[in-house]
Amino acid sequence: MSDQNATLTLGDRKWDFPVKNGTIGPDVIDIAPLYKNTGAFTYDPGFTSTASCESKITYIDGDEGTLLYRGYPIEQLAEHGDFLETCYLLLYGELPTPVQKQDFDTRVTRHTMLHEQMARFFSGFRRDAHPMAIMVGVVGALAAFYHDSTDISDPHQRMVASLRMVAKMPTIAAMAYKYSIGQPFVYPNNELGYAANFLNMCFSVPAEKYEVNPVLARAMDRIFILHADHEQNASTSTVRLAGSSGANPFACIAAGIACLWGPAHGGANEAALNMLHEIGNLDSVDKYVAKAKDKNDPFRLMGFGHRVYKNYDPRARIMQTTCHEVLNELGIKDDPALDVAIELEKIALSDEYFVEKKLYPNIDFYSGITLRALGFPAEMFTVLFALARTVGWIAQWKEMVEDPSQRIGRPRQLYTGATQRDYVDINKR
Ligand code: CMC
């Protein structure tokens, strides 16, 4: 808390509200007593100026283009760390020692298998179901299979549920993929690392030997690190809001997955690749840039712009490098989608419309090309995002549940509907 106050004047009355300082980032004006004192609410659709919670997990400086997990820059974690180390960091707040890391890896690995009866759950879905629809259903259904980790008042059960979700998401995601292409499910192989195991469950078949390419596994792992958390975005806020009622963690993560699905959020990677295909070739780039700038045209450059980043998304830079690494490793020399992406980025970064509105490529701009090169169909892109973000959602959910001042989330509204009126009999309307 600072010794500063913010003064609000309403008519001829004045109130002081305390100002709180974070360790970095903007101060917040604590308006919790506003309604009690003034009888008024604040109005901030889309929460553009509202801090919904206090958090110690992730920090973004959108103007500088900085992203820190527990204080560590994303660039350093992506270069030197691995995904499970990042998971440990997000969940426990510190980087693990070698012993802690080994213990954590083992604990996650022990939970990778899914209750066998859950496999039957999948056959209730149509083969052409979107895998995100399957994810929402199956992850929500985990609560029906793992009752022994749904008591949110028990710290041990909270941690078991957290490890279970980090461990089982790759298995569920791979099963959703295998189901959609009619191939048998592949069980987890605990000798493989987290990302390699996931690639193996997606791309191996029982009929032949499959060796996971370590360069591709490393790229997959890095993609997971980049997506692991992003402070109070729409899906994380959804998880927190769902969890604020005391709902079990599996249900909360299912709610987060549902929110992530939208094209303005996690669905943007799929939408960005579809857009690059729609543009098709370099000759059409100008036309689409013009469409994106046209106020009367709903078209937007997918993979561009961000609510918080008003600079280059630091994750997009790492993703761009990873994209080139993957294409090189696979010997993909000519990729029309990549050519279109590079040209589009070049034009947009120098175009007055995008410069003035501070619209830069976000993580999704290059992730679609990379994931497709790794062998995933576009419908799986958001699933991979959900898989990686699960640890962030859980860390944020745990932080909220463990906060003694936590209360149910209950926003207010500005009501502009009809005032009270009397019911009219149906024959008289
Ligand atoms: N193409 C063209 N114009 C854009 C774009 C875009 N991609 N993004 C924003 N604008 C314009 C927008 O029309 C508005 O113009 P004006 O001020 O003249 O009305 C201005 O820029 C501000 O946009 P906004 O929609 O008010 O900004 P927002 O913070 O509400 O939306 C966003 C952020 C990410 C939803 C938006 O930039 C967008 O729709 N981008 C495309 C989808 C996308 O790539 N999403 C992935 C986000 S990163 C991954 C994740 O976190 O999920």
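From a predicted model like this one, the values you see are computed outputs, not experimental measurements.

Quick notes on the rules
- Within each chain, residues carry numbers counting from 1 in the order of the written sequence.
- Selection of residues for local features in this predicted model requires a pLDDT of at least 70, selection of side-chain atom pairs for listing and counting requires 80 or more, and totals for whole chains, interfaces and linings are taken over all residues.
- The basis for every side-chain value is the complete set of heavy atoms in the structure, and neither hydrogens nor water enter the calculation.
- Consider each residue's heavy atoms; a residue with any of them within 4 Å of a molecule or strand counts as near.
- We define a polar contact as two N or O atoms separated by no more than 3.5 Å, with the added condition that, inside protein, one atom must be a possible hydrogen donor and the other a possible acceptor, whereas residues neighbouring each other in sequence contribute only through side-chain atom pairs.
- In this description, accessible areas are obtained by the Shrake-Rupley approach with a 1.4 Å probe, and a residue is regarded as covered only by the protein chains that are shown.
- Classification convention: Asp, Glu, Lys, Arg as charged; Ala, Val, Leu, Ile, Met, Phe, Trp, Tyr, Cys, Pro as nonpolar; all other residues, Gly among them, as polar.
- Residue ranges for the domains trace back to a domain assignment, done automatically or taken from a database.
- Residues count as neighbours in contact if any of their non-hydrogen atoms are within 4.5 Å of one another.
- Throughout, buried area stands for the accessible area (probe radius 1.4 Å) lost by two parts on being put together, summed over both.
- Note on classification: 1.4 Å probe, protein chains only; a residue is buried when its accessible area is under 20% of the maximum for its type, exposed when over 50%, partly exposed between these limits.
- What counts as a helix is a DSSP run of H or I of at least four residues, what counts as a strand is a run of E of at least two, and both are numbered from the N terminus.
- Any carboxyl oxygen of Asp or Glu within 4 Å of a side-chain nitrogen of Lys or Arg constitutes a salt bridge here.
- Note on pairing: two strands pair once DSSP finds at least 2 bridges between them.
- The aromatic pairing rule takes the rings of Phe, Tyr and Trp, using the six-membered ring of Trp, and pairs them if the centres are within 6.5 Å, calling planes under 30 degrees apart stacked, those over 60 edge-to-face and the rest tilted.

Asker: Requested: an account of the site of the ligand, with residues and values cited.
Answerer: As a structural note, the neighbourhood of the ligand is formed by 20 residues, with His265, Lys295, Leu301, Arg307 and Lys357 the closest of them. In the model, a nitrogen atom of the ligand is placed 3.3 Å from a nitrogen or oxygen of the Ala264 main chain. For the ligand, whose accessible area on its own is 940 Å², the fraction buried by protein is 76%. Tallied by class, the residues present in the shell around the ligand amount to nine nonpolar, six polar and five charged.

Asker: Go over the domain arrangement of the protein chain, please, and point to the residues and values.
Answerer: For an interface, size is often stated in terms of accessible area lost upon the parts coming together. Domains assigned within the protein chain are domain 1 (3–59) and domain 2 (71–206 + 228–260). One C-alpha centre belongs to domain 1, the other to domain 2; they are set 35 Å apart. In this assembly, six residues from domain 1 lie in contact with six residues from domain 2. Summed over both partners, the interface of domain 1 with domain 2 comes to about 490 Å²; 52% of that surface belongs to carbon and sulfur atoms. For the domain 1 face of the interface with domain 2, the top three residues by lost area are Cys53, Ile57 and Thr58, together amounting to 75%. The tally of links from domain 1 across to domain 2 stands at one residue pair in polar contact (both at pLDDT 80 or more).

Asker: How would you explain helix 3 (residues 83–92) if you had to name every residue and give the values?
Answerer: With eight of 10 residues buried, helix 3 is to be regarded as a mostly interior element. Regarding helix 3, the residues found buried are Phe83, Leu84, Thr86, Cys87, Tyr88, Leu89, Leu90 and Leu91.

Asker: Can you lay out the pattern of salt bridges for me, pointing to particular residues and giving the numbers?
Answerer: Any two side chains of opposite charge can pair, given that their charged atoms come close. Going through the model one piece at a time under the given rule, you end up with 18 salt bridges. The salt bridge partner of Arg158 is Glu402, with a shortest N-O separation of 3.1 Å. With Arg158 in helix 7 (residues 155–181) and Glu402 in the segment after helix 18 (381–401), this pair connects stretches of sequence that are 244 residues apart. Of the charged contacts, one joins Lys291 and Asp297 as a salt bridge, the two residues approaching to 3.2 Å between their closest N and O atoms. Since its relative accessible area comes to 26%, Lys291 is described here as partly exposed. Several salt bridges converge on common partners, so that one network encompasses Asp82, Lys101 and Asp105.

Asker: Break down the pairing of strand 4 (residues 58–61) for me, with residues and values.
Answerer: Only one face of strand 4 is buried, namely the one carrying Thr58 and Ile60, since none of Tyr59 and Asp61 on the opposite face is buried. The pairing of strand 4 with strand 5 (residues 66–69) spans four bridges and is classified as antiparallel. Of the residues in strand 5, the one forming a bridge with Ile60 is Leu67. Connecting strand 4 to the next strand, strand 5, in antiparallel fashion are four residues, including Gly65 with a positive phi near 75°.

Asker: I'd love a proper account of unusual backbone geometry, names of residues and values included.
Answerer: Located in the positive-phi region is Arg70, a residue other than glycine, with phi close to 50°. Turning to its location among the elements, Arg70 is positioned in the loop between strand 5 and strand 6 (72–73). Even without being a glycine, Glu231 presents a positive backbone phi close to 40°. Along the chain, Glu231 falls in the loop between helix 9 (214–227) and helix 10 (234–244).

Asker: Explain the packing of aromatic side chains to me, and be specific about the residues and the numbers.
Answerer: Within a pair of aromatic rings, the relevant descriptors are the distance that separates the centres and the angle that separates the planes. Taken as a whole and assessed by the stated rule, the structure comprises 20 aromatic pairs. Plain terms: the ring middles of Phe203 and Phe376 are 4.9 Å apart, the flat faces sit at 55° to each other, and that makes the pair tilted. Here Phe376 lies in the loop between helix 17 (364–374) and helix 18 and Phe203 lies in helix 8 (residues 194–203), a separation of 173 residues in the sequence. By relative accessible area, which is 21% here, Phe203 ends up partly exposed.

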